[in-house]
Amino acid sequence: MNSQTQTAMQQVRQWLEQAKHVAVLTGAGVSAESGVPTFRDTQKGYWAEFDVQDMASVSGYRSNPARVWQWYSERRELMLHVQPNPGHTALASYAQQHPGKLTLVTQNVDGLHERAGSPHVIALHGELMGNCWLNDACPMCDAQAALSAGGQPPQCSACGNMLRPAVVWFGENLPAQALQDAEAAAQQCDLMLAIGTTGAVYPAAGLVFQAHQRGAKIVIINPDDTELDGIADVCLKGTSAQILPELFL
Ligand code: BV8
């Protein structure tokens, strides 16, 4: 870590010490060092291979359910073989040692913050391992195990309803309570850390602007530039698994 980052890190440690309430927004980058591809990573990212609107939207699912179901099945399979990384663990330990001081809001659906022991994770975009019905359920939908055939998503044998991943797709509203809790944290915090996110997806990215407008210090932790850098007080250029254990010493 170069001296410039070290100096900036010292400043952020001071803000962390002085803060009454810290809000954290994480994105796919915090899971990268666990081996989970990010959306934007050009080499292996999902967004590089597919049009995300075709993969993470109701219209995309309806037009090609097998392909989208396969995409989520592969992501779920990967989750069985990865672990939280030191970045997840550092966040969880700090929250445990400072009850009520840190609110963790994540865009991620991989459940790694929860597995690392972070209490009260606010998951804005749902969770990868769960399913729900694509259409309103008929009386038979839940009565029997939905059947799947040939890579197609499981379907209700009575009405043909399909299961879908219990995540928030583009064009879908976020869970109201999660968004409300996240906005409250953004508006009350005196320090906001935006970690491992491009800051391109809303309303999640808007939380950082809300914190900024309320006068919170804004710290970006990312090896690359992001769409939030313009409102940052400090940008710590590095990976979350390197920076966070150092930051939360
Ligand atoms: C909604 C779940 C109301 C599914 C996801 C306002 C302005 C503009 C657009 C909109 C707006 N309001 C709404 C929209 C539309 C849309 C949107 O934001 N579009 C974008 C593309 C412009 N938003 C929505 O549709 C949202 N719904 O607003 O409802 C509504 C209703 C009807 C009509 C309109 C509005 C719903 C959005 C949620 C979509 N679901 N995920 C799934 O996972 O399959 S989004 C998904 O993509 C993620 O959850 C995440 O949010 C996003 C990816 O972003 P990042 O997490 O930032 O990850 P990314 O890969 O992009 O970048 C990785 C970063 O990590 C990089 O910066 C990289 O440098 C860094 N990094 C890499 N390695 C490391 C690292 N950092 C640290 N350490 C490392 N080792």
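Residues numbered from 1 in each chain as written. Predicted model: local features only at pLDDT ≥ 70, side-chain atom pairs only at ≥ 80, totals over all residues. Heavy atoms only, no water.

**Thoughts on the overall build of the chain**
Point 1. Looking only at helices and strands, one finds 11 helices and 8 strands in the chain.
Point 2. Taking 2.2 N^0.38 as the reference for a compact globule, 249 residues should give roughly 18 Å; the C-alpha atoms of the chain span a radius of gyration of 19 Å, in line with that estimate.
Point 3. Across its three principal directions, the C-alpha atoms of the chain cover 60 × 35 × 30 Å.
Point 4. Going through the 249 residues of the chain one by one, you find that 50% of them count as buried.
Point 5. Just so you have it, the chain exposes about 11800 Å², and 50% of that area is on carbon and sulfur atoms. (Helix = DSSP H or I, 4+ residues; strand = E, 2+ residues; numbered from the N terminus. Rg over C-alpha atoms; globule rule 2.2 N^0.38 Å. Buried < 20%, exposed > 50% of the residue type's maximum accessible area, 1.4 Å probe, protein only. Areas by Shrake-Rupley, 256 points an atom, 1.4 Å probe, with all protein chains shown as cover.)

**Quick notes on the domain arrangement of the chain**
Point 1. Once the domains are mapped, the chain shows domain 1 (1-36 + 82-125 + 169-249) and domain 2 (43-80 + 129-167).
Point 2. Relative placement of domain 1 and domain 2: their C-alpha centres are 29 Å apart.
Point 3. Taken together, the contact pairs 12 residues of domain 1 with 17 residues of domain 2.
Point 4. Surface buried jointly by domain 1 and domain 2 totals about 1200 Å² across both partners, of which 66% is contributed by carbon and sulfur atoms.
Point 5. When the area that domain 1 buries against domain 2 is broken down by residue, the three leading residues are V82, W169 and F170, summing to 60%.
Point 6. Summed over the shared surface of domain 1 and domain 2, the result is 1 salt bridge. (Domains from an automatic or database assignment. Contact = heavy atoms within 4.5 Å. Buried area = accessible area lost by both parts, 1.4 Å probe. Salt bridge = Lys/Arg side-chain N within 4 Å of Asp/Glu carboxyl O.)

**Describing the site of the ligand**
Point 1. Around the ligand there are 35 residues in total, and F39, R40, Y72, R75 and T197 lie nearest to it.
Point 2. Taking G196, its main chain carries an N or O atom lying 3.2 Å from an oxygen atom of the ligand.
Point 3. For the ligand, an oxygen atom lies 3.1 Å from a polar atom in the side chain of D224.
Point 4. The fraction of the free accessible surface of the ligand (1500 Å²) that becomes covered by protein chains is 76%.
Point 5. Elements with a minimum of two residues in the shell around the ligand: α2 (29-32) and α6 (65-79).
Point 6. Residue contributions to the shell around the ligand peak at 3 residues, all from α6. (Near = heavy atom within 4 Å. Polar contact = N/O pair within 3.5 Å; in protein donor to acceptor, adjacent residues only side chain to side chain.)

**Description of α6**
Point 1. In this model α6 runs 21 Å from its N-terminal to its C-terminal C-alpha over 15 residues, within 8% of the 21 Å that 1.5 Å per residue would give.
Point 2. When α6 is considered as a whole, its buried residues turn out to be P65, V68, W69, W71, Y72, R75, R76 and M79. Taken down its axis, α6 places every buried residue within 155° of arc, on the same side. (Expected span 1.5 Å × (residues − 1). Arc of directions from axis to C-beta.)

**Some remarks on the side chain of N85**
Point 1. Summarising the element assignment, N85 is placed in the loop between α6 and α7 (86-97).
Point 2. Side-chain polar atoms of N85 contact the backbone oxygen of V30, separated by 2.7 Å.

**Focus on the packing of aromatic side chains**
Point 1. Counted according to the given criterion, the structure contains 4 aromatic pairs.
Point 2. Geometrically, the ring pair formed by W71 and Y72 is edge-to-face, given 4.8 Å between the ring centres and 70° between the ring planes.
Point 3. Residue Y72 is classed as buried on the basis of its relative accessible area, which comes to 2%.
Point 4. Chaining the aromatic ring pairs together yields one cluster made of Y61, W71, Y72 and W169.
Point 5. Sitting above the plane of the W71 ring, R75 keeps its charged end 4.6 Å from the centroid.
Point 6. When the ring centre of W69 is taken as reference, the NZ or CZ atom of R76 above it lies at 5.4 Å. (Phe/Tyr/Trp six-rings, centres within 6.5 Å; stacked < 30°, edge-to-face > 60°. Lys NZ or Arg CZ within 6 Å of the ring centre and 35° of its normal.)

**Looking at the pattern of salt bridges**
Point 1. Following the criterion strictly, the structure yields 4 salt bridges and no others.
Point 2. Linking R13 and E246 is a salt bridge whose minimum nitrogen-to-oxygen distance equals 3.9 Å. Pair noted here: R13 is in helix α1 (residues 3-18) and E246 is in helix α11 (residues 240-247), with a separation of 233 residues, a long-range link.
Point 3. By relative accessible area, which is 18% here, R13 ends up buried.
Point 4. Of the charged contacts, one joins D229 and K237 as a salt bridge, the two residues approaching to 3.6 Å between their closest N and O atoms.

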